Amino acid sequence: MKHQLAKSVGLSLLSPIIIGGMLGIYYGLAMNGDFLSIFFQLLMTAIANAHIVGLTMAAFVVPGYLLMFKYAKVNYSGVLTLGLLGGAIFSYLLSATTGEIFLINSVMSGFAAGLFLFGLRKTAKK
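### Comments concerning the environment of L115
1) Next: With respect to the element layout, L115 can be found in helix α6 (residues 100–122).
2) Next: Sequence spacing of L115 and F60 is 55 residues, and the spatial spacing of their C-alpha atoms is 15 Å.
3) Next: Apart from the residues within four sequence positions on either side, L115 is in contact with S8, L11, S12, L14, S15 and I18.

Listed below in structure tokens is the structure:
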């Protein structure tokens, strides 16, 4: 069980890279300017905010999942909600109180919770 959780948490930490890459490609194509500089600026901003994802996984998602697992009531929407809620709380406390960065950090944490669940399902014993 611990090995599965460790792999799943590691997979969830790819969330800032994926979200930053998607936003970088979108804004790089949509805005007038140097594509590469816009892409790398947004990618590095997302990676710089990866601490929000790590704190959310450590304080909300993994303990919430373990509590649900203990009582045999694992609810995927509950785990995703914990990811969004934790991302919003830590983003508000540490990074941004309003605006796009607040929203992106929350979505990035929710996406990390989804990757966590995906990793658990992929590594589950059959």
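Further notes follow.
### Section: helix α2 (residues 15–30)
1) Next: Spanning 16 residues, α2 covers 22 Å between terminal C-alpha atoms, matching the ideal 22 Å at 1.5 Å per step.
2) Next: Those residues of α2 that sit buried are S15, P16, I19, G20, G21, G24 and G28.

### Some points on the packing of aromatic side chains
1) Next: Tallied over the full model, the rule gives six aromatic pairs.
2) Next: Each ring, one from Y26 and one from Y27, has its centre 5.1 Å from the other, and the planes form 75 degrees; the classification is edge-to-face.
3) Next: Of the residues examined, Y26 reaches a relative accessible area of 53% and is grouped as exposed.
4) Next: Overall, the relative accessible area of 33% leaves Y27 in the partly exposed class.
5) Next: An aromatic cluster is defined as three or more aromatic residues linked by ring pairs; in this entry it consists of F35, F39 and F40.

### Comments concerning the UniProt feature "transmembrane region" (unreviewed entry) in the protein chain
1) Next: Those places that UniProt annotates as "transmembrane region" (unreviewed entry) correspond, in this numbering, to residues 9–29, 35–62, 74–95 and 101–120.
2) Next: Counting secondary structure, residues 9–29 comes out at 90% helix and 0% strand; the distance between its end C-alpha atoms is 32 Å.
3) Next: Summarising residues 35–62: 96% helix, 0% strand, and an end-to-end C-alpha distance of 37 Å.

Parameters at a glance
Residues numbered from 1 in each chain as written. Predicted model: local features only at pLDDT ≥ 70, side-chain atom pairs only at ≥ 80, totals over all residues. Heavy atoms only, no water. Helix = DSSP H or I, 4+ residues; strand = E, 2+ residues; numbered from the N terminus. Contact = heavy atoms within 4.5 Å. Expected span 1.5 Å × (residues − 1). Buried < 20%, exposed > 50% of the residue type's maximum accessible area, 1.4 Å probe, protein only. Phe/Tyr/Trp six-rings, centres within 6.5 Å; stacked < 30°, edge-to-face > 60°. UniProt positions renumbered as here; feature names shortened; annotations may be inferred.

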